[in-house]
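Architecture at a glance
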Amino acid sequence: MALAYLALGDSYTVGEGVAPAERWPVQLATALQEAGHVVAEPQIIATTGWTTDELDAGIDAAAPHGPFGLVSLLIGVNDQYRGRSVDDYRPRFTALLQRALGFAGNQPRHVLVLSIPDWGVTPYAREHHRDPVQIARELDAYNAAARAICAEHAVAFVDITGISRERGAEPAMLVDDGLHPSGAMYTEWTRRALPVARTLLDDEAAH
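Please read these numbers as outputs of a predicted model, since none were measured by experiment.

This part covers the pairing of strand β1 (residues 5–9). With five of five residues buried, β1 lies mostly within the body of the structure. The side-chain alternation of β1 yields two buried faces, one formed by Tyr 5, Ala 7 and Gly 9 and the other by Leu 6 and Leu 8. Judged from the five bridges that link them, β1 and strand β3 (residues 70–74) form a sheet pairing that is parallel. Counted as the bridge partner of Tyr 5 is Leu 70 from β3. Both β1 and strand β2 (residues 43–46) contribute to a ladder of four bridges, which runs parallel. Along β2, the bridge assignment pairs Leu 8 with Ile 45.

To continue, consider unusual backbone geometry. Residue Pro 67 is bonded to the preceding Gly 66 through a cis peptide linkage, with omega at 5 degrees. Looking at the secondary structure, you find Pro 67 in the loop between α3 (52–62) and β3. Of note in this structure, Ala 63 is not a glycine but carries a positive phi near 45 degrees. Tracing the sequence through the fold places Ala 63 in the loop between α3 and β3. Phi is positive for His 129, close to 55 degrees, though the residue is something other than glycine. Note on placement: His 129 falls in the loop between α6 (123–127) and α7 (132–152). Take His 129: its relative accessible area is 73%, and that puts it in the exposed class.

Going through the model one piece at a time under the given rule, you end up with 14 salt bridges. The partner of Arg 92 in a salt bridge is Asp 53, and the shortest N-O contact between them spans 3.9 Å. Remark: Asp 53 occurs in helix α3 and Arg 92 occurs in helix α5 (residues 86–103); sequence separation between them is 39 residues. With relative accessibility at 32%, the residue Arg 92 sits in the partly exposed group. By relative accessible area, Asp 53 is classed as partly exposed at 30%. Note that Arg 99 and Asp 60 form a salt bridge whose closest N and O atoms lie 2.9 Å from each other. In this pair, Arg 99 sits in helix α5 while Asp 60 sits in helix α3, placing the two residues 39 residues apart along the sequence. Taking relative accessible area as the criterion, Arg 99 reaches 26% and is therefore assigned partly exposed. One salt-bridge network, in which partners are shared between bridges, spans Asp 53, Asp 79, Arg 84, Asp 88 and Arg 92.

Calculation notes
Residues numbered from 1 in each chain as written. Predicted model: local features only at pLDDT ≥ 70, side-chain atom pairs only at ≥ 80, totals over all residues. Heavy atoms only, no water. Buried < 20%, exposed > 50% of the residue type's maximum accessible area, 1.4 Å probe, protein only. Helix = DSSP H or I, 4+ residues; strand = E, 2+ residues; numbered from the N terminus. Pairing = 2+ DSSP bridges. Salt bridge = Lys/Arg side-chain N within 4 Å of Asp/Glu carboxyl O.

See below:
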């Protein structure tokens, strides 16, 4: 029986501007299949522009039925974009992580969180005169908070922010809007997430 996979997030999870097969959760499911894990096509609850509270409402509307063998969460960039403080983000992220755990049967080894990429390096940020130093500083604070909350809940945290900073300004790593990642960038994220996901599923199989 295929492992059910639930992917929660925003534009980075729904893959704004890319084909469905290029979304990183779909690439991850495919890579896990190739590694010998029978994983179903992800159920994706994500919309471009969603903040933490909008994702929370979106989950209510979609009413996914667990338990899921794998749940991923990547959320927060739109909270930062709208100028919300990390103190506002922290409890909202915690609540979403707890919901993710609930969908995973309260098994931390079934949950995977990705860090927020740094959109401050993109042409979009330059064209809109956004301060890349400020964006980086704020996203670092968000990601540090998320990492700490994940540690408290024994949930795996995959840092893809460095990849976004190293390569996020390359034309091949962006779709036409100069902001959102291309399928090639999502492949890089998948490469980073895959060994962690494999370890989680291998550990589960051993139990």
